[in-house]
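Close look at the chain arrangement
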Amino acid sequence: MAGKTELPPQLRHEATRIERIARAAGLDFGEVAFEMVDARDVNALAAYGGFPVRYPSWRFGMDFERLDKGRQYGLSRIYELVINTDPAYAWLVRTNSDMEQKLVMAHVLGHADFFKHNVWFQPTDRRMLDRMADHGTRIRRAIDLHGQDAVEAFMDSALVLDNLLDPFLPLREHMKVRAGATRAAGEAAGASFEAVRERALGSSSSRPPTFDILGFLAERAPVAEWQRELLRIVRAEAYYFLPQRMTKIMNEGWASFWHSRILTGGVLDASEVVEFADCHSGATASSPGNLNPYKLGIEMFRTAEERGLDLFRLRRVHNDASFVDEIVDEDFVARNALFLFGRNGRTGRTEVVDREARAVKERLLLDLSWGGLPQIELVDDDHAGRGELVLRHHHDGRDLQLSHAAETLKSLSRLWGASVHIETREEANVRWMSSDGAEIRTGERPYERAS
Amino acid sequence: MHRIERDRARFREIVRGRLRSDLRKYLSTSELLGRRGEHSVTIPIPQIELPRFHFGDNSKTGVGQGQGEKGQPVEGDAKDGEGAGGAGEEAGQHVLEVDVELEDLARMLGEELELPNIEPRGDKALVSDGGRYSGVRDTGPKSLRHFRRTFRNALRRTIAEGVFDPTAPEVIPMPEDERFRWKKRAPKPDSSAVIFHVMDVSGSMGREQKDVVRIKAFWIDTWLRSQYQNLEVVYIVHDAVAKIVDQQSFFSLRESGGTKISSAYELLLQLVRDKYRPEDWNLYPFHYSDGDNWSARDTEKCISILRDELLPRVNQFCYGQVKSAYGSGQFKKDLDTGLEGEEKLVTASVNDREGIAEAIRLFLGKGR
């Protein structure tokens, strides 16, 4: 990053003031390191998922290109970025106005509190900054040894599989570790808490049936040692980012709830009120076909407050799905004018299908469950005695995008070194897809080679 | 942040590689036309995103927010698969668009078709009068007086004479203090070229034929632009009479009627004599037709205009014959026999879109 990154004095002063007010209101966060960056730099950081040091990859370049084009055309603008580390690094954009800086600082403190207390974030590594840098070093070393093309091709094939995860695995393992003996034993043996946790994460996932397919592959795929290392890196980063997928609405809602509360509670100068209202309503605006997580989140917390619920407990124990389940009811759906939309087969238009609360809530829960990913399980790793993998898609009414699924399956089969099958459904009909790495076959049964 | 620049450079390299391997495809489709800006082309690159297991089409329902009764269309596009912000992360649906510099594209074309760079015409290489006002000298017009230098000299002289008083500074420039800007000459090799796209728009040239012409014109423009800094393009259409039109009409006009090719050649000749003189311009006429001329007499006239007037003046004359259902295709044969041995004449026939690449190679392959 070019130039100085520390806050100018008057903003540092504001930061201290806002932190004090936030703590008085009940927020609890670790150290937050605010840094100033240029609009271009923040796009680079966003392309890297918030981390200044990542492994080299063309995909980051692609994301950056997209973000930066959005900035140049004035279509999109990032105000801040904050990452879940200790201390939490928050990047503020230099072009923000003073009011906007105050707003995003309060917003960031909301996120920092959420990271610290929400249960889904408990298993995450707070020293991820170092780990990301370490991953970068390892991958660069692999490039030195095996060539950019080889490493890039393998990374791509690993990233294709980076959503074959078990969203509940980290927390399950974390609780197991916390619950007891392992921790004490580990510490007694001189191993760090992290090392024990790592072992727990690794060992549990090596046998089907499992949803942690990436974990299974990282341990069992017949690949070279350096490739295994890349698989582990991809898996570690995927699990690190997973809680953010699962709590996006809550996290943004919580941060927006608090920036609004803190700024209107005396931090705003009278001359800034209109600008604040404009900025805040822009961030929480929703268009009919597009549900804004900031908006849905803040409304859920406000509703919870009206009902006299303990907000701090809610932000600790829930993820998006369970929070929606707790808060959304007939009254909430009506008040927020939520509806279900769908494609009208006759006209080809997207239109309002239903305003009934039960249908709306059902759909929301469907979208939010399992981290928004298709639920895919590895059920067999030795199909027909030939070492072939069998995957099952737990179909919930939403079909897979079949051509992408076929490409993914091909890639998986090449990695595994044997045929791979997946059972899914197209509407109500069972579909099997099989690949031997080169071709794809679909049918009502898994494809069997003629022997 | 140079780290991201490296990743971005790698991404662009991959895009270029993709583009390079698909160039033949682009050479026969009109996909890139209309995507050209001043210096770059916006090219849609499908399939660069990694595939993943994600939800498909039938989940295009979701939860929205706003007013409206059952059955009312939802405004603003519902993002693919994006219900409540969770599932939208894949973003695998949309096609990525990248800007590629025209020069890059031309280089790829050059590699693909093995085109040589264009050699300067004849030995009287055209020289354009370049140069910038970056020099200083003692004489010159007042309007070019270099104030700072002049003042500095006057100040220096005043101090040397011992009459400078810091409390009441007064500096009066004398004529010998004056300095003037002057233009340092930097002769540049010639950089002006003009392309004439001449198209037969008689009744027999259909939509498909025009598309072929369009695609060919696009790539020829792209290539010549990379070879010349200053390129002008003149569009001429003709049936029985010829006229100059703008780019828009060139590609959309559909006249009908007879074909008198000599009308176009006469107009060309007039332009070359009056406006685009060969002393000042590199000239590249391209003529596209289905090869059906009005009469043998007119064809003879065309041949004589070409032989006596046009060919001596132009860098190269290209005739591209597009196959149509109605055209006889006689004109190309007549040119080939009537002007046999003329080095500056290149003729090619294009049967369909697949033939475009080969025709471009013929036209531009001589490096003239």
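Think of each chain on its own: its residues are numbered from 1, step by step along the sequence as written. Here chains are named by letter from A upward and ligands by number from 1 upward, in the order in which they appear as written. The model is predicted, so local features are restricted to residues of pLDDT at least 70 and side-chain atom pairs to those at 80 or more, both for listing and for counting; the totals for chains, interfaces and linings are taken over all residues. Computation of side-chain values: all heavy atoms of the structure, hydrogens and water removed.

1. Examining empty space enclosed by the protein
Residues and elements named next belong to chain A. A cavity here means a set of 1 Å grid points, computed over protein atoms only, where a 1.4 Å probe fits but cannot escape. A pocket is an open set with protein on both sides within 12 Å along at least 5 of 7 lines, and lining residues have an atom within 4 Å of a point. Grid points are joined across faces, edges and corners, and a volume is the space filled by probe spheres set on the points. All told, the structure shown has four cavities of 30 Å³ or more when counted by the stated rule. Taken together, Tyr55, Pro56, Ser57, Trp58, Ile139, Ile143, Gln148, Val151, Glu152, Met155, Asp156 and Leu159 form the lining of the largest cavity. Working definition: helices are DSSP H or I runs of at least four residues, strands are E runs of at least two. Numbering for both runs from the N terminus. Listing elements by their share of the lining of the largest cavity, those giving two or more residues are helix 5 (128-146) and helix 6 (148-159). Counting residues per element, the lining of the largest cavity draws most heavily on helix 6, at six residues. When residues are grouped by polarity, Ala, Val, Leu, Ile, Met, Phe, Trp, Tyr, Cys and Pro land in nonpolar, Asp, Glu, Lys and Arg in charged, and all others, Gly among them, in polar. Split into classes, the residues belonging to the lining of the largest cavity amount to eight nonpolar, two polar and two charged. An automatic or database domain assignment is the source of the domain bounds shown. Residues lining the lining of the largest cavity come from more than one domain, with at least three contributed by each of domain 1 (9-118 + 247-298) and domain 2 (149-246). Looking at the second largest cavity, its volume works out to about 60 Å³.

2. Concerning helix 9 (residues 330-338) of chain B
Residues and elements named next belong to chain B. Where helix 9 is concerned, the buried positions are Phe331, Lys332 and Leu335. All buried residues of helix 9 fall inside an arc of 100 degrees around its axis, so they share one side. Exposed residues lying more than 90 degrees from the buried face of helix 9 are Lys333 and Thr337. It only takes one pair of heavy atoms within 4.5 Å for two residues to be counted as in contact. On its buried side, helix 9 packs onto helix 7 (261-274), strand 11 (282-289), helix 8 (296-310), strand 12 (317-322) and strand 13 (345-350). Here's how the labels work: a residue is buried when its accessible area is under 20% of the maximum for its type, exposed when over 50%, partly exposed in between, all with a 1.4 Å probe on protein chains only. Note that the arc is defined by the directions from the helix axis to the C-beta atoms.

3. Re the packing of aromatic side chains
Centre distance within 6.5 Å is the pairing criterion for rings of Phe, Tyr and Trp, where only the six-membered ring of Trp is used; planes under 30 degrees apart are then read as stacked, over 60 as edge-to-face, and the remainder as tilted. This model, assessed by the stated rule, comprises 32 aromatic pairs over all chains. Here a set of aromatic residues connected by ring pairs shows up, and it is made of A:Trp254, A:Phe257, A:Trp258, A:Phe301, A:Phe312 and A:Phe323. For A:Arg59, the ring lying beneath its charged end belongs to A:Phe60, and the centroid distance is 5.3 Å. The criterion is that NZ of a Lys, or CZ of an Arg, lies within 6 Å of the ring centre and within 35 degrees of the ring normal, and then a charge sits over that ring. Sitting above the plane of the B:Tyr26 ring, B:Lys25 keeps its charged end 4.8 Å from the centroid.

4. Observations concerning the sheet that holds strand 10 (residues 242-245) of chain B
Residues and elements named next belong to chain B. An order of 10-9-8-11-12-13 is seen for the six strands of this open sheet, with the pairing classed as mixed. Of all strands in the sheet, those bounded by a partner on one side alone are strand 10 and strand 13. Averaged over all pairs of adjacent strands, the angle between strand axes in this sheet comes to 20 degrees, irrespective of strand direction. We call two strands paired when DSSP finds no fewer than two bridges between them. In the sheet, strand 9 (residues 230-238) pairs with strand 10 via four bridges, with the strands oriented antiparallel. Across the sheet, His238 pairs through a bridge with Ala242, a residue of strand 10. Axis lines are fitted to C-alpha atoms, over the contacting stretch for helices. Their N-to-C directions set the angle, which ranges from 0 to 180 degrees. Those strands touched by helix 9 are strand 11, strand 12 and strand 13, and its axis lies near 155 degrees from that of strand 13.

5. With respect to the sheet that holds strand 2 (residues 80-82) of chain A
Residues and elements named next belong to chain A. Spatially, the three strands line up as an open sheet ordered 1-3-2, and their pairing is mixed. Every interior strand has two partners, whereas the edge strands, strand 1 (32-37) and strand 2, have only one. Across the sheet, the mean angle from the axis of one strand to that of its neighbour is 20 degrees, orientation sign disregarded. Both strand 2 and strand 3 (residues 88-93) contribute to a ladder of three bridges, which runs antiparallel. Across the sheet, Glu80 pairs through a bridge with Leu92, a residue of strand 3.

6. A few points about the nonpolar core
Among buried residues, the Ala, Val, Leu, Ile, Met, Phe, Trp, Tyr and Cys ones that are joined through side-chain atoms within 4.5 Å form a nonpolar core. Counting residues in each nonpolar core, the largest one holds 116 residues, and the members touching the most others are A:Leu217, A:Leu391, B:Trp219, B:Leu224 and B:Phe286. Leaving out residues up to four positions away in the same chain, A:Leu391 has contacts with A:Ile213, A:Ile376, A:Glu377, A:Leu378, A:Leu412, A:Val420, A:His421, A:Ile422, A:Glu423 and B:Phe53. Membership of the second largest hydrophobic core comes to 59 residues, among which are A:Leu296, A:Ala304, A:Leu314 and A:Leu368.

7. Overview of the interface of chain A and chain B
Tallying the contact residues gives 80 residues for chain A and 55 residues for chain B. Across the interface of chain A and chain B, roughly 6,200 Å² is buried in total on both sides, 55% from carbon and sulfur atoms. On the chain A side of the interface with chain B, the three residues burying the most area are A:Trp58, A:Glu65 and A:Phe341, jointly 11% of the side's total. Should a side-chain nitrogen of Lys or Arg be within 4 Å of a carboxyl oxygen of Asp or Glu, the pair is scored as a salt bridge. Between chain A and chain B we count seven salt bridges in total. Polar contact is defined as a pair of N or O atoms within 3.5 Å, subject to the rule that within protein one atom must be able to donate a hydrogen and the other to accept it, and that residues adjacent in sequence are counted only when both atoms are side-chain atoms. Taken together, chain A and chain B are joined by 26 residue pairs in polar contact (both at pLDDT 80 or more). Of the residues forming the side of chain A that touches chain B, the biggest block, nine residues, is contributed by helix 3 (residues 58-72) of chain A. When the residues that make up the side of chain A that touches chain B are grouped by side-chain class, the tally is 37 nonpolar, 17 polar and 26 charged. Of the pairings in the sheet, the one linking strand 4 (residues 338-343) of chain A to strand 2 (residues 62-65) of chain B comprises four bridges and is antiparallel in character. Directly across from A:Leu340, in strand 2 of chain B, lies its bridge partner B:Val63. Simply put, the buried area is the total loss of 1.4 Å probe accessible area from both parts when two parts are fitted together.

8. Some words on the packing of helix 10 (residues 213-220) of chain A against helix 11 (residues 225-246) of chain A
All names here are of chain A. Between helix 10 and helix 11, whose axes approach to 8 Å, the crossing angle comes to 160 degrees. On the basis of their axis angle, the class for helix 10 and helix 11 is roughly antiparallel. Where helix 10 crosses over helix 11, the handedness of that crossing is left-handed. From helix 10, Leu214, Gly215, Leu217, Ala218, Glu219 and Arg220 reach across to helix 11, where they touch Arg228, Leu231, Arg232, Val234 and Arg235. A breakdown of the residues in the contact of helix 10 with helix 11 according to their chemical character gives five nonpolar, one polar and five charged. Relative orientations are named as follows: roughly parallel for angles under 35 degrees, roughly antiparallel for angles over 145 degrees, roughly perpendicular for angles from 65 to 115 degrees, and oblique for any other angle. Crossing chirality is assigned from the near helix's rotation relative to the far helix, an anticlockwise turn below a right angle marking it left-handed and a clockwise turn marking it right-handed.

9. Quick word on the domain arrangement of chain A
All names here are of chain A. Its domain assignment divides chain A into domain 1 (9-118 + 247-298), domain 2 (149-246) and domain 3 (374-443). Every contact between the two is made by 18 residues of domain 2 and, on the other side, 15 residues of domain 3. For the pair domain 2 and domain 3, the summed buried area comes to about 1,500 Å², and 74% of that belongs to carbon and sulfur atoms. Three residues, Pro208, Phe211 and Ile213, lead the burial of domain 2 against domain 3; their summed loss comes to 32% of the area buried on that side. Where Asp381 meets Arg207, a salt bridge forms, and the shortest distance between an N and an O atom there is 4.0 Å. When contributions to the side of domain 2 that touches domain 3 are tallied by element, the ones reaching two or more residues are helix 6 and helix 10. The element contributing the most residues to the side of domain 2 that touches domain 3 is helix 10, with four residues. Across the side of domain 2 that touches domain 3, the residue classes tally to 14 nonpolar, two polar and two charged.

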